[in-house]
Amino acid sequence: MLIFRLAIPSPLHRLFDYRPPVYGAVDAAPGCRVRVPFGNREVIGILVDRVAETESDCPPDKLKAALEVLDEIPVLCDELYQLTCWAARYYQHPLGDALQQALPVLLRQGQSDRFQHQTLWRASQDASLSQLASNAHRQRELLQLLLEHPQGISTDALKAEGGDPKLLRTLESKGLAASMEKRPQLPHADEQEQVLREAPLTLNNEQGAVVSHLQQANGFRPLLLEGVTGSGKTEVYLQAIQHVLEQGKQALVLVPEIGLTPQTTARFKARFNVPVLALHSGMTDRQRLDAWLWAREGSARILIGTRSAIFTPLKHPGIIIVDEEHDGSFKQQDGFRYHARDLAVYRARQLNVPVLLGSATPSLESLQNALSGRFEHLRLTQRAGNARPPKFELMDIKQQTLDAGLSSGLLARIHQHLRQGTQVLIFLNRRGFSPALVCHDCGTPVDCTRCDARMTLHRQPPHLHCHHCDRQTPIPRRCSQCGSDQLRPAGSGTERIEDRLQVHFPDVPIHRVDRDSTQRKNALERIMTEVHKGDPCILVGTQMLAKGHHFPKVTLVAILDADAGLFSADFRGMEKTAQLTLQVAGRAGRADHPGEVVLQTMQADHPMLNTLVHAGYEPFAREELRLRQGGHLPPFSHHALIRAEANRQGLAENFLLSLREWGQQYLPEHVHCIGPFPALMEKRAGLFRAQMLIQAGQRKPLHQALALLVSMMQEHPEARRVRWTLDVDPIDSY
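Residues numbered from 1 in each chain as written. Predicted model: local features only at pLDDT ≥ 70, side-chain atom pairs only at ≥ 80, totals over all residues. Heavy atoms only, no water.

Engineer: Before we go on, may I ask you to explain helix H16 (residues 573-585) in this structure?
Structural biologist: Residues separated by three or four positions in an α-helix point in the same direction, a consequence of the helix having 3.6 residues per turn. Between the first and last C-alpha of H16 there are 18 Å, a value that for 13 residues agrees with the 18 Å anticipated at 1.5 Å per step. Most of H16 sits out of view: eleven of its 13 residues are buried. Of the positions making up H16, those classed as buried are Gly573, Met574, Glu575, Thr577, Ala578, Gln579, Thr581, Leu582, Gln583, Val584 and Ala585. (Helix = DSSP H or I, 4+ residues; strand = E, 2+ residues; numbered from the N terminus. Expected span 1.5 Å × (residues − 1). Buried < 20%, exposed > 50% of the residue type's maximum accessible area, 1.4 Å probe, protein only.)

Have a look at this one:
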C-alpha cells in the first residue's frame, strides 16, 4: 500500500506520513494540496511523494488518514514546486512553510484554484415594461435597469444605481429576469493583435545599444544594467518587454516597494495594449488569487509585483526584470527569509529566459558577479533627454547653530530655488517629530520599557512611539527620575522639519512623505498628484522618496544627516549609505532644469564620502570591494546568522554558546563560528536577543554546516525556552 508523504506548514524540518483518504484520490500527484488532521486541528499540506507503507518510520496502525485531496491537477506547477523546494533547502527553511508561502492566501486556506464566478442578472429575451402593472414602480425601475445592461449586471451595481436587488426573484418568477454565472474579465485580454497603445520614446545611443543587446538575448542570460539615476532604465525595460510580448510571451517585473507598484503599473498600461496586472500586499486575497490565476493561464501578459511575486506561475515566460535590485526590501526579514533577487536569477535559469537586474547603485554582490563574468554588465552613463547630472556640495556644518537640523546656508539655498519657481526635496530618514524626549534638568531620556531604544516623539497626533516594538504611550508631563517638567525634544524627525519649514516658508506648500503621512489609502498618490502639477513646493520625507519617483521640477535635494551611516557597526553600512545618498540625489535635475544636491555633514573630509560625490558610485564600489576582499567579507565569503531570543537575559547567549561548542567538534573544516554576542539592540519587544555568525569561504561547506546546526537546534533541550531563526545571506546584523 502506498502512503502520502506531506509537507505541512510547521516549524519542523521534516515531512509527515498519512494514509490516503478513505474515498478516492489515491493516485494524487506531487504538488497537490491535501487536507489532513494535525494535532487537534485541520491543516492544508502539499503532497511531496507517495511511498510504500514499509518506508514510513511510523507504525501502520498509528498513521492517520488524510481527509481530502483538494486538487485533481497539482496547484503548484513542477517549475514552481522545484523553485520552492530549492529555496527551502538553500535558506534552510521548513519545506511545508516554504510551499505555503509560494501560494496565494486563499489557496493556503483550501479554496478552489478556479476563478470565482460572479452572479449577474439580465432581462429575459422578450421582457418589457408593459408586462408589469403601472403601479409596480420599484419592479419597473429594476427591470428598466436590467434592460439597460443586456450583458448582465451584478446585484452590487444594481444597488449602486438605485435598484432593489430583493425584487430580482420576483421578476424571475414572472419570467422577466434571469441570472447567469460569469467569470471575471481581464481588461484587454482579447486585444492581442496590437501590442502597443502608444509609440515608444526615442532612445539615445547607450539605451539603443542596451535594448538591441536584450533583444538578441536568447535563453538564460543574467544581465546587470547599471544606469545613473534619470538615464531612462524604465524605457529600456519597456522596449525589452515589447520584444517579448511580440513573441507571445509574458514578462515578470519585480519592484521593491508597494508605493512604486501603482505608478509603474500606470506607465506600463499607458504603453501597452495587453493585460498588465499588479501583485502586492495592498490587494485583497481574492484580487491576488485572480491575478495569480490569470498569470497561470497566460492571459496576464505583464506581471508587476513586490518580492512575493517571484512565486507567480507563468505559462509563457519571456523575461524577468528586477528593478532597483540593490534594495533591501527584496529580502524577506522574517519567516521564510528568501531574497527575491537571487530567486529571480535561479528561476530565470529554470525557465531558460533572460533576467535583467537594474540599478543606479548595484549591490556589491551583483557588481562582483558582473566583474567576475558571471553576469553581463550593461551601462547607461548619461541622463535621458536634456537632463544633466546634479552638482554635489558637501556643506560643512561643524560649529554651526542649526535650526532643528537646518543650517542657515541651506535655508538660503531653499529660498533661492523656490524664487526660481522650482521645487525642493528635503531628505531625513527619521520619521516623527523628534527621536528622543529628554529631561533638561537631569538629562534622562524617555526610554521604551520593552526595548533598548528611545521613544520617538510624535506631534500628529501627540504621543510617544517606539518604532521597534510599536509601543505607544501618552507624552509624560514630568521626568520619571527627577520630577522636572523640563522635558524637551532632542534631535529632529520629518515632522519637526516640516514644522520649522512652515515657519520659514509660510506661503509655500510643504508635503511630508513618510510612513505616518501615507497610511491612509491613496494618500501617497494624492501627494504625488500635487507635486506633479509643478508649482513651487517643498517635499520632506524618508527613504520612501528615494525609490524610483520622477519629479521633473525638483532642482534642489538636501540630505540633512549625510553622516548617519558612515560609522555603522554593520559592515554593509557604508554601502547602504552610498546607495541611499545617490538614490535620493537622483531626484534632482531630471528634466530641463539643472539640479544640485547639498549634503549637510560633520565629515566633509571623509575619503569615502568624497569618492562617492566627486567620482561616482563605481569608483566607490570598487574601493569598497577591495576592503571587503581584504577582510574576507561578502561577496568574497558567505555568511549565515543564527539569531536567538528569550524572555530572560543570558538564555539566548547560553543556547548559542552550547551550539558553538558542539559545532567545533562536528562542523566541516573552514567553517567558522563567530560569537555568540548580544544583538546590537539586545532587548527588543521584551525579549533579550543574541546572535552567532557562521562564515565560510565556499557555499557548499557552509550549507553542510547549517544542516547540522539546524538538526542540533531542533533537538536542543533549551529549544522550548529559546526562539531561534536562521538567516542565510543576511543583509544586516540587527
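There's more to say after this.
Engineer: Is there a simple way to explain the packing of H16 against helix H18 (residues 617-630) in this structure?
Structural biologist: Working note: a packed helix pair is described by the angle between its axes plus the distance between those axes. One can describe the packing of H16 onto H18 by two numbers: an axis separation of 11 Å at closest approach and a directional angle of 170°. Classified by the angle their axes make, H16 and H18 are roughly antiparallel. Counted together, Met574, Glu575, Ala578, Gln579 and Leu582 of H16 and Tyr617, Phe620, Glu624 and Arg628 of H18 form the full contact between these two elements. Split by residue class, the contact of H16 with H18 holds five nonpolar, one polar and three charged. (Axes fitted to C-alpha atoms, helices over the stretch in contact; angles between N-to-C directions. Parallel < 35°, antiparallel > 145°, perpendicular 65-115°, else oblique. Contact = heavy atoms within 4.5 Å. Nonpolar A, V, L, I, M, F, W, Y, C, P; charged D, E, K, R; others polar.)

Engineer: Explain the sheet that holds strand E20 (residues 472-473) here, please?
Structural biologist: As a general point, the strands of a sheet are linked pairwise by backbone hydrogen bonds and lie either parallel or antiparallel. In spatial order, the strands read E18-E19-E20; together these three strands make up an open sheet with antiparallel pairing. This sheet does not close on itself; its edge strands, each paired only once, are strand E18 (456-459) and E20. (Pairing = 2+ DSSP bridges.)

Engineer: In this structure, what is going on with the packing of helix H8 (residues 233-246) against helix H9 (residues 261-271)? I would like to understand it.
Structural biologist: Running from N to C, H8 and H9 cross one another at 45°; their axes reach a closest spacing of 11 Å. Here H9 runs oblique to H8, going by the angle between their axes. In the packing of H8 onto H9, the handedness of the crossing is right-handed. Contacts between H8 and H9 involve Thr234, Glu235, Leu238, Gln239 and Ile241 from the former and Arg267, Phe268 and Arg271 from the latter. Classifying every residue of the contact of H8 with H9 by side-chain character gives three nonpolar, two polar and three charged. (Left-handed = near helix turned anticlockwise from the far one by under 90°.)

Engineer: Sorry if this is basic, but what is going on with the packing of aromatic side chains here?
Structural biologist: Aromatic ring pairs: the centre-centre distance and the angle between the two ring planes describe each pair. Under the definition given, this model contains eleven aromatic pairs. Ring geometry for Trp662 versus Tyr666: centroids 5.0 Å apart, planes at 35°, classification tilted. With Trp662 and Tyr666 both in helix H19 (residues 651-666) and four residues apart, the pair spans about one turn of that helix. The class for Trp662 is partly exposed, based on a relative accessible area of 23%. Taking the ring centre of Phe433 as reference, the NZ or CZ of Arg459 above it sits at 4.1 Å. (Phe/Tyr/Trp six-rings, centres within 6.5 Å; stacked < 30°, edge-to-face > 60°. Lys NZ or Arg CZ within 6 Å of the ring centre and 35° of its normal.)

Engineer: So what exactly am I meant to see when it comes to the confidence of the model for the protein here?
Structural biologist: Low-pLDDT portions of the prediction should not be read for the details of their coordinates. In this model, the protein carries an average pLDDT of 90, and 98% of its residues clear a pLDDT of 70 or more. Mean pLDDT across the elements of the protein bottoms out in helix H5 (residues 155-160) (77) and peaks in helix H11 (residues 340-351) (97). (pLDDT = per-residue confidence, 0-100.)

Engineer: Just to check I follow, could you spell out helix H20 (residues 699-715) for this structure?
Structural biologist: Helix length check: H20, at 17 residues, gives a terminal C-alpha distance of 25 Å against a target of 24 Å (1.5 Å per residue), a fit within 8%. Within H20, burial applies to Pro701, Leu702, His703, Ala705, Leu706, Leu709, Val710, Met712 and Met713. Where H20 is buried, its residues contact helix H1 (78-90), strand E26 (638-646), H19, strand E27 (671-684), strand E28 (687-696) and strand E29 (723-728).

Engineer: Would you take a moment to explain the nonpolar core for this structure?
Structural biologist: Nonpolar side chains in soluble globular proteins tend to be buried together. In terms of nonpolar packing, the biggest core is built from 119 residues, with Leu254, Leu425, Leu539, Leu599, Ile642 and Ile694 touching the most fellow members. Counting 28 residues, the second-largest nonpolar core is a separate cluster that includes Val195, Ile241, Leu356 and Leu378. (Core = buried A, V, L, I, M, F, W, Y, C linked by side-chain atoms within 4.5 Å.)

Engineer: Got a minute to help me understand the sheet that holds strand E2 (residues 16-18) in this structure?
Structural biologist: Taken together, five strands build an open sheet; the order of strands is E2-E1-E4-E3-E5 and the sheet is antiparallel. Either end of the sheet is taken by a strand with one partner, and the two such strands are E2 and strand E5 (68-69). Here strand E3 (residues 33-38) runs beside E5; their pairing, made up of two bridges, is antiparallel. By the bridge assignment for E5, Arg35 is matched with Glu68.

Engineer: I tried to follow the pattern of salt bridges on my own but got confused; where do I start?
Structural biologist: As a working rule, side chains carrying opposite charge can pair if their charged atoms are close by. One pass over the full model with this rule turns up 38 salt bridges. The residue Glu618 makes a salt bridge to Arg622 at a minimum N-O spacing of 3.2 Å. With a gap of four residues between them, Glu618 and Arg622 both fall in helix H18, about one helical turn apart. (Salt bridge = Lys/Arg side-chain N within 4 Å of Asp/Glu carboxyl O.)

Engineer: Explain the side chain of Ser366 here, please?
Structural biologist: Tracing the backbone through its elements, the reader meets Ser366 in helix H12 (residues 364-371). Residue Ser366 is classed as buried on the basis of its relative accessible area of 2%. At 2.8 Å, the side chain of Ser366 and the side chain of Glu325 are in polar contact. (Polar contact = N/O pair within 3.5 Å; in protein donor to acceptor, adjacent residues only side chain to side chain.)

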